[in-house]
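Each chain is listed here by its residues.
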Amino acid sequence: MVLAVVWHEKFSMKILLYNPDNGITRNFMPHLWMFLLQALTPPEHEVILIDGNAKAMTRPELVQFCKDNDIGLVGIGSMTRMVARAYLVADSLREAGFKVVMGGPHVTECPDEALGRDGGPRHADAIALGEADETWPLMVADAARGELKDIYIPEVDPKGNDKKPNLQPYPHIPWESLDLDQFSLVPKFAQPFLSKMGEGWGKFFVVPIETGRGCPYGCEFCTVTGFFGDSIRFRSNESVIEELLRLKARAKKEKGQIAVFFIDDNLAINKKRLKGLLRDMIAAGATLPWVAQISANLLADEELVDLIADAGARWIFIGMESIDPANMADVNKTFSKPANYQGVLEGLARRNIYAITSFIVGMDNDTVGVADRTVDEIEKWAPGLPVFGQLTPFPATPLYDRLRDAGRLTRPKHWLDFAPFVMAHDPLKMTIEDAKNETFAAWSRSYSPERNFEAINSIRHAPIDTRISHLVARLFFRGIYFPQMSKWAWVKLLLDNRKSILSLSAEGIRTWRQARKRRRRGSPETQTAQEIS
Ligand code: B12
Ligand code: SF4
């Protein structure tokens, strides 16, 4: 009897974790949830990861893949933006007899929809609400026994709040051995050639790492405070550094490049903690190139920005939202002051760090002309990579409730009929069509060949590799709005930007030749400290 129970508990399955594609671009980075749940899966099960952005598969292909691989459970995660695709995939798999469980922000915010309790069709056999670090192993065990429940909810504390994982200890994600090939950003044909280049560019991965969760700021449009809570939890510095060192070792071993995206919503939410982490990273040599999200109000601290630079930061993502303080007040983001944006960007640029600056079009105080007004301002600052989205009422946000109560939602379930750059509510001082045109105008101006040239020229004193990576990033970022998926789209883009490309290439070749000449002559000033000692 005891033996039978043990056998049941240990019944092993093959589990597929699937992330639907976003329908526009290839994502530059895999999703952390897949690796995290894989690491949290009891060892008797095998977990296969497929990210639809990296490995495009049709629904019949996916069904066939599950049949061929004898998949016992499929887990699908999705943001609101991709949920309609996620449901379609789930429906096909369930029709073919596979058990499908779903989790992530959208199903947490709209659980009835996934379970078909809102009058619509059912898409999932079970769902996990909120952070699933602790519920996932239970879900897997129940699925293995054939006893899935409908909903898995984190335990609650005596006050009725979700008990949040405290991230200490943090699961071991085996980056050193995981098959990351589907996520390399270097096309296969270019790998042999590029792997021979100096630093080894045969493979290039951007890897997501979290050092903490939670944000107390509660901006009106954002789901994070509701989802992760306002209590912030951090991993230990040792655990973050150990993970970074393993990634660094892998990059070296494979003669490739690995950059890290710290996906914390605000890496500097506790400045003292971040300074400690950065100092420890520097001391341990755990300094890969990295990107992180930090709000502008926290970047005025010179000591912090020095440490950020010394620890390897290349790009900082800043949610600027608007240059109009009235808009910032409307969305409860007055802690971020547009008047300080220029100073912050210049402080970063002095250290050869540039910003991905995110703006929202269609806010309540926006009027026609907002694109030009915003871009005029941006062009006075150190150059960055501006991105322009639109104010979107995500379910379960205070913004959603405010617009619904005011009767302003034109498409209350906009995620089921996703339309790129078409707002789901009426902006106050312009039309939905105006907002689309303004968004288009902001992207076009910011990434025109002339603007690209001007931006690169404005940092002509920066090292050549910084300027090359800035230009490359500009060409890729443009693709968020202007899909450049075909070879011809890329050829056209390169031709349009030939002035910037040729001037940087000529300078790059000159610099490389001079360095090679000096090396041949054995010029002492080019020897590294290690060679001299
Ligand atoms: C990194 C990130 C991105 C990356 C892409 C995602 C990637 N490759 O990692 C980039 C920068 C490209 C991005 C873009 C966008 N993002 Co984003 N992004 C994030 C961010 C900061 C971190 C995601 C993450 O890894 N979190 C950590 C993991 C551990 O948490 P998690 O994913 O929620 O997973 C946990 C649970 O949800 C659950 N779970 C998740 N999936 C599954 C599946 C199963 C089966 C189960 C059981 C459990 C489960 O288990 C996990 C462990 O607890 C989040 C904010 C946040 N803190 O999560 C926003 C967030 C996900 N993004 C958001 C948005 C809106 C966007 C954009 C639409 C923004 C825009 N206007 O363009 C774009 C669209 C992306 C696209 N076109 O593909 C919103 C989504 C809200 C929503 N309800 O959908 C978030 C929550 C931020 C916010 N401000 O509200 N994003
Ligand atoms: S600071 Fe960022 S993560 Fe925090 S609530 Fe505001 S938008 Fe969301």
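Preceding this section is the structure that the text describes.
Here's what I pulled together on the structure shown here.

Definitions and cut-offs
Residues numbered from 1 in each chain as written. Chains lettered and ligands numbered in written order. Predicted model: local features only at pLDDT ≥ 70, side-chain atom pairs only at ≥ 80, totals over all residues. Heavy atoms only, no water. Helix = DSSP H or I, 4+ residues; strand = E, 2+ residues; numbered from the N terminus. Buried < 20%, exposed > 50% of the residue type's maximum accessible area, 1.4 Å probe, protein only. Near = heavy atom within 4 Å. Nonpolar A, V, L, I, M, F, W, Y, C, P; charged D, E, K, R; others polar. Arc of directions from axis to C-beta. Contact = heavy atoms within 4.5 Å. Polar contact = N/O pair within 3.5 Å; in protein donor to acceptor, adjacent residues only side chain to side chain. Pairing = 2+ DSSP bridges. Axes fitted to C-alpha atoms, helices over the stretch in contact; angles between N-to-C directions.

**Comments concerning the side chain of Asp 51**
Next, step 1: By the secondary structure assignment, Asp 51 is in strand 2 (residues 46–51).
Next, step 2: Classification of Asp 51 by relative accessible area gives buried; the value is 1%.

**Quick notes on the site of ligand 2**
Next, step 1: Ligand 2 sits among Cys 215, Tyr 217, Gly 218, Cys 219, Phe 221, Cys 222, Val 224, Thr 225, Asp 265 and Phe 335.
Next, step 2: Taken together, the residues of the shell around ligand 2 break down into seven nonpolar, two polar and one charged.

**Thoughts on helix 18 (residues 449–457)**
Next, step 1: Those residues of helix 18 not exposed but buried are Arg 451, Asn 452, Ala 455 and Ile 456. Looking straight down helix 18, one finds that the buried residues subtend no more than 130° of arc, so they occupy a single side.
Next, step 2: Buried residues belonging to helix 18 abut helix 17 (432–446), helix 19 (464–481) and helix 21 (498–521).

**Brief notes about the site of ligand 1**
Next, step 1: In the vicinity of ligand 1, 39 residues are found, and the nearest of them are Met 29, Thr 80, Asp 133, Thr 223 and Asp 265.
Next, step 2: With respect to ligand 1, the backbone of Gly 104 contributes an N or O atom lying 3.4 Å from a nitrogen atom.
Next, step 3: At a separation of 2.8 Å, an oxygen atom of ligand 1 approaches a polar backbone atom of Ala 132.
Next, step 4: Mapped by element, the contributors of at least two residues to the shell around ligand 1 are helix 2 (32–40), strand 3 (73–77), strand 4 (100–103), helix 5 (105–109), helix 7 (135–144) and helix 9 (224–228).
Next, step 5: In terms of residues, the shell around ligand 1 owes the most to one element, helix 2, which gives four residues.

**What about the sheet that holds strand 7 (residues 204–209)?**
Next, step 1: Pairing is parallel in the open sheet, where six strands are placed in the order 7-10-11-12-13-14. Two strands close off the open sheet at either side, each with one partner strand: strand 7 and strand 14 (385–390). Each adjacent strand pair in this sheet contributes to an overall mean axis angle of 20°, direction not counted.
Next, step 2: In this sheet, strand 14 lies alongside strand 13 (residues 354–361) in parallel orientation, the contact comprising six bridges. Residue pairing across strands places Ile 356 opposite Leu 385, the latter belonging to strand 14.
Next, step 3: Seen against the sheet, helix 17 touches strand 13 and strand 14 and runs at an angle of roughly 170° to strand 14.
Next, step 4: Lying over the sheet, helix 19 contacts strand 12 (313–321), strand 13 and strand 14, oriented at roughly 15° with respect to strand 14.

No statement about biological role is implied by the geometric values presented.
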